[in-house]
Structure formats: structure tokens, C-alpha cells
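Residue-level structural notes
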Amino acid sequence: MLLCSNVFVPMYHLKKIHNNNANDPFVLKHGGFKNGKLEKYSHFRDWIESSFVPGGRIGEVVGRTFEFSRLRIFVIALIIFGGLLLGRVAWLQIAKGDYYSSLAENNSVRTERVEAKRGIIYDRTGRPLVRNAANFILYLQPADLPLDSGKRAEILAKTAAIVYPDDAARQQALINGLDDRLNKLVPGSADYSRPISIVDNLDYDKAMLFNLAGQDLPGIVLSTKDLRQYLTDGVLSLSHILGYIGKVSDADLERDSQNYAPIDYIGKAGVESSWESALKGQSGYSKIEVDALGSAKKVLSEQPAVDGDDLELSIDYDLQKKSEEILKSRLQAAKIEDKAVVIIMDPNNGEILTLISLPSYDNNLFAQGITADEYNALADAPDKPLFDRSISGEYPSGSTVKMVVAAGALQEGVIAEHTTVDSTGGIRVGQWFYPDWLAGGHGITDVRKALAWSVNTFFYMIGGGYQNFNGLGVDRLAKYMLLFGLGMETGIDLPNESPGFVPSRAWKEQVKGESWYIGDTYHLAIGQGDLLVTPIQDANWTAVFANHGTLYQPRIVKAVLSDNDRTITPIQPKIIRQKLVDPYNIEVVRQGMRQAVTSGSAAKLQNLPVEAAAKTGTAQWGADPSSVPHAWFTCFAPYKNPQIVVTVLVEEGKEGSQISLNVADDILQYYFAREKNPNATSTAFSLAK
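One structure accompanies this document, and this report is about it. (Residues numbered from 1 in each chain as written. Predicted model: local features only at pLDDT ≥ 70, side-chain atom pairs only at ≥ 80, totals over all residues. Heavy atoms only, no water.)

Side note on the nonpolar core
Among the nonpolar cores identified, the biggest contains 102 residues, and Val 271, Leu 313, Phe 484 and Ile 556 are the most heavily contacted of them. Of all hydrophobic cores here, the second largest spans 36 residues; its members include Ile 356, Ala 596, Ala 637 and Ile 659. (Core = buried A, V, L, I, M, F, W, Y, C linked by side-chain atoms within 4.5 Å. Buried < 20%, exposed > 50% of the residue type's maximum accessible area, 1.4 Å probe, protein only.)

Okay, structure coming up:
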């Protein structure tokens, strides 16, 4: 091949030229050789017009195609670039090696929980009693903080300044608290990856400042959680039912660290606590690749959260509201302190329609973040507003327990329905006298009259016996009390229920170091002495006589709503015991309670639009005989086909036949007026919408 400055000419072309084959299309035209040099040529192909080979030797043309001066420049540039590169590598590996090594350790895949929305709680008419609102929270992610102590201190100081801009003392307290928490953590441990709460319910303006700060505050995370708002609309007695949620405690985390983090909320009281697992839902997760500053780079995988189930309560909001108004009005008129209970339940299935414990509190204080001073004011208040008297209060039952004693005596054959006792004002045993409440007594009394007028003498005798008459005795009294649910929790789906107490011979000997005396049996038979019951137990054994012999487990939740409220799972009634005594013995007691209304201590209920049956009770309490008794009243209506049981307790209310009876009467009047004309009194549905 001949190399020219402007064109390459294949050697086989030259051969063809020498052959002077003018018909070959690849042959170059020429005028011949002159002085041994090839002159001008033209290619037959039309895409090349002409080619030149300048004069001179071929060797000289080849030499000028590669210049060594340019190679030297390239080599020098390559050496300089390599030196810079090696210097940079040395700087990163040696001078800054430790710094970037620590950052690289934080480059990882993080698993972040996706919060489930907490379920909503409704009353039995569909009225929402709670809702979820937006809530900014701020927390610290220890693994994302710089290891350098100076930079960490700078981040905490900036954070505190935004949270408490005008309060240096609170700023320093926040910094110290976070430092203490961080100093207890071991880098690389499981706790090191768990968040630390800084503040909840952050103001919108402050939240935006943290949002703008972004990567300038590594390790400080702004997030949102649902803020619980309780729609009680002034009906504060709902607070004991609904309860509230609060930050998880260390004890909560020890019980369940898999489903809760330190920044989470958990039900602390009421339905929020007892139905926590259903309301909470199931958290999801996202596996996220993050850089050394903790910033998310991409989502690797995720599992969506499952929102919590909604709950439909058996509570009737309108009835709860009206009953609270009635109770407060009666207490105020009688100038009695607000320490009282009202329970309204369906005796046919155990559903609680109304549950009132006064005094109460505003559970929104807890949901919004109660201060230490506010909490201490509630906890230390002498009337104990945080205490749910309806299920946790333990009181002497007074005469309301006589229903149970009468049923036991009939069942054991101690008496028949027509057995009579001559009530002359009390009985005397040796030097001790056990009085009736009516001076001079009630005369000849059978079991129905004894229930209607609450004749103590009759129950002294059938409980403890007298002279030649053998009573039930302490063991059989305890047997029937336990059978009707005294001395044990009812199982209502609320936390912190008390079991009450049924005394026994063995207990007194062991605890008090005393023998059991006949006087103890007499006191037990009329609901005094060491016997203690809760209002929910009282309502529940009243329901046994209303429904002809079945003991149900009381319940607050009526149904569980899941799958966006499209799937309704009703809570089935739970029977604890049936046929506690023979049906006829139940009927005899019912007749005695009915007689209390027609001609006895509850005669005021005669004005109701339906027939009712009732039992009054006055309970002495405490060691001081001058203490004002508690007032009990319990009833059911209508008599033949009962719809509701109403039980009222007023602490230090004097007599059950007065204020407690008046409260129950007002409630029954309202209830049955509403039953006759629902639209005249019910506002729940319109309010819910």
C-alpha cells in the first residue's frame, strides 16, 4: 500500500496502472510517469474527485505522521493527574479515614414502622364518641446523630431553641434529659435504633421550622401521629367509659416491645385500654435504604398497615346524658356531694346502656398532654374523680342483697313462701339487740312483705336463725352470694374492676383472729358487716330476678366493626350461670319486689307508665356510727317483660327510699316517654351526622 498525505492507494491499483488496463473501473487515469514520479490521478468513482501525491520520497511522508513532542506532553499530564488522584485517596484514607468510616457505618437499611389508624368508638346509635386529629410529634433517632460530641451538642441546642424559643430553663432541661437518655445507650445495640420522644402536640409553626431545617438537624425527626379527641360534648361521665390513651411506659415496652416503640401511644383507661388490641390495629413497615445522614434514598420493600377496628358500644348517648343531668340535679337539690353511681343495663343480655360515676374528669386533658400539675390536682382530689365507682367502688350492699338471701332461704327450704315471722322491732341475743329500722316492727311478715318493706327481723332469722328456728348460717349465705356473683369480678370489659368481698368464718379467724359470732351472720344477712359489693354487681344480680334466673356477663362493647365498617361482628351475650335457683323461687322474690312498688318502700314508682319492681337499701359504713349511710336503689321495668335495670348508689345519701329512688324514678319516666315517642327526645343520629 502506498501512503500519501491525502489518500491511500491500494497496491493492487498500482499494478493495474502498470498494466495500463483502461477498462478496469478501479484504474486511475493518468498522463503517465514523468521523471519517475506519478503525476495527477482521477478516480473513476464519482464520490472522489481527485487525489494527489506530492512530490518527494515516500519515506519522508511516513515520518511526519507521528510527533514525539506531543507524546511527552501527554505523559506529563498523565503523571500530574495521577499524582492528584493518589493525593486525594491518601487524604481520604489517612487524614479523614476515621471520620468517613464512622459515617459509612451508618449507611444501612432501616426498617420503619407504618402507623395504623386507631379505630373509632361509636355509641349504639352510630354517634361517634371519638375522632382522630392531626398531631405533630418530634423525636430523636440516636443512630442518625453524629458521633462527634460537639456536633451532637449543637444539634440538641438548636432543637431545644425551636421547641422552647423563649424559655432558657426548659431548653436546658430538654437538652439534659436527652443527653441522659443518649448516654445510657450503647452504639450498635437494639436500643440505639429505637426513637426517643422529644415533644408531642408540636405547634404548626414550630413543626414547619423543623421541616425547613431538614438535613441541618440529622437525627431529629418530625412526624405525625393521630391525636385522640373525645366528643363527649360535656357529658363527662363518658370519660370513665371511654378512658384515654397516653405514651407507652417502660412497663408497657417490657410487656410488648415488638408492637410498640417509645414514641407510641397506648390505651391507659376505659375501653381504650380494655380493647387496645382491636383499636390499635397492626402496624406495617417499610425497609428503606438511608445514607450516612439518615436521609432516605429508596424504599426496598414495604408492608401496609392494617387500621384498627371500630367499636360500637352498648352505651346510649342520649340516655347517658339525660341520666347524668338527672343525677346532678337531684344531688344539687338535696345538697349532697357529687359522689354517686347510676347503672342502666339490659337484663336480657348484659348490655350496659348507661354507666355513670360521679365525679368524673375530662379525658381530653390526657389526650392533649396533661401537665404534671393538672394530673396531681386530679389524683390528689379528695372526691377522687379518676376513680370509677361503678365498677371499682366497694360498699356494703345494705338491704339490696336481701333478694339473694330470700332466694337462698327458699331454695334451701329454710322457709316456704308463706312462712311468717312476727316483727316486733328487732331481736335480742343475750346482751345484744339487733334492731329493725322501724320502731315497733312490721308485725306478721312473710317473705314478700319482708322484701317490700325491707324487714330486718325477718332476714336476721332466715339468715342466722333464732331460738328454735334454724337459718341458713354463714356458709350457706356465702354459697348463694357467690352463686349470684358477689365476691368476684363480673367480667365487664373495662379495666380495674374490683371483686368485692364475701366474708367467711375461716377468713375472720385468720385475718382478725376472732371467732365468727351469730351477730356476724345477722349483719351479713342484711348486707352489713364485712360484706362489700360493687354497683355493677348489684345491678347484675338484680338482672337475674328481672330475666327469671340467668346471670349474664355485663359488657360495654356491642359489636366490632372492621374492613371499613363493612364487616360487623356482634359480641354475643355471655351466660355465667343459669337456673341459680328454682324458677318459682325466683318468681316469689320478683313478687316481693313488685309489692315494694305497689304498697312498700318504693311506692313512688306507681306513677310510671309501666309496672316496675324494686328494692331499696340503706347501708351503714365505717367504724363511726354517726356516718351518714349510703343510699341504694335498684329496680327493673316493665315488670312482666323487663327492658332495663336501673341501679343507683349515692354515697352518704341517707336512705335509698329517698334520693336514690327519686333519681331512678326520673330516669324511668324519661326512658319510657322516649320509648313511646323516640323522635321527641333522641338527638343522637342528627348529632352524629
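Observations regarding helix H12 (residues 317-334)
An α-helical turn contains 3.6 residues, so any two residues separated by three or four positions project in the same direction. Between its first and last C-alpha atoms H12 spans 26 Å; for 18 residues at 1.5 Å apiece the expected length is 26 Å, and the two agree. Among the residues making up H12, those that are buried are Tyr 317, Asp 318, Leu 319, Gln 320, Ser 323, Glu 324, Ile 326, Leu 327 and Leu 331. Where H12 begins, one side-chain oxygen reaches toward the backbone nitrogen of Asp 318, 3.1 Å away; that side chain belongs to Asp 316. Phi for Lys 335, located one or two positions after H12, is positive at around 55°. (Helix = DSSP H or I, 4+ residues; strand = E, 2+ residues; numbered from the N terminus. Expected span 1.5 Å × (residues − 1). Polar contact = N/O pair within 3.5 Å; in protein donor to acceptor, adjacent residues only side chain to side chain.)

Details of helix H21 (residues 518-525)
With respect to burial, H21 is a largely interior element, six of its eight residues being buried. Looking only at H21, the buried set comprises Gly 519, Asp 520, Thr 521, Tyr 522, Leu 524 and Ala 525. Just past H21, the residue Gly 527 takes up positive phi, approximately 80°.

Quick look at the pattern of salt bridges
For the structure shown, the criterion picks out 24 salt bridges. Here Lys 268 makes a salt bridge to Asp 252, at a shortest N to O gap of 3.0 Å. Of this pair, Lys 268 sits in strand S13 (residues 265-269) while Asp 252 sits in helix H9 (residues 250-255), and the two are 16 residues apart along the sequence. What makes Asp 252 buried here is its relative accessible area of 8%. Of the charged contacts, one joins Glu 412 and Lys 479 as a salt bridge, the two residues approaching to 3.2 Å between their closest N and O atoms. (Salt bridge = Lys/Arg side-chain N within 4 Å of Asp/Glu carboxyl O.)

A look at the packing of helix H22 (residues 535-546) against helix H23 (residues 583-598)
The N-to-C vectors of H22 and H23 enclose an angle of 110°; their axes lie 9 Å apart at closest approach. Classed by the angle they form, the pair H22 and H23 counts as roughly perpendicular. Each of Thr 542, Val 544, Phe 545 and Ala 546 in H22 lies in contact with H23, whose residues at this interface are Ile 586, Val 589, Arg 590 and Met 593. Looking at the contact of H22 with H23 residue by residue, the class counts come to six nonpolar, one polar and one charged. (Axes fitted to C-alpha atoms, helices over the stretch in contact; angles between N-to-C directions. Parallel < 35°, antiparallel > 145°, perpendicular 65-115°, else oblique. Contact = heavy atoms within 4.5 Å. Nonpolar A, V, L, I, M, F, W, Y, C, P; charged D, E, K, R; others polar.)

So, the sheet that holds strand S8 (residues 136-140)
The strand order across the open sheet built from three strands is S9-S8-S10, with neighbouring strands paired in antiparallel fashion. Here the strands that pair on one side only, and so sit at the sheet edges, are strand S9 (196-199) and strand S10 (220-224). Across the sheet, the mean angle separating the axes of adjacent strands is 40° when strand polarity is ignored. Both S8 and S10 contribute to a ladder of five bridges, which runs antiparallel. Directly across from Phe 136, in S10, lies its bridge partner Thr 224. (Pairing = 2+ DSSP bridges.)

Comments concerning the environment of Leu 438
The residue Leu 438 is located in the loop between strand S21 (432-435) and strand S22 (443-445) in this model. Owing to a relative accessible area of 33%, Leu 438 belongs among the partly exposed residues under this scheme. Expressed as a C-alpha distance, the spacing of Leu 438 and Gly 426, which sit 12 residues apart in the sequence, is 8.9 Å.

Purely spatial values, then, with no claim about function.
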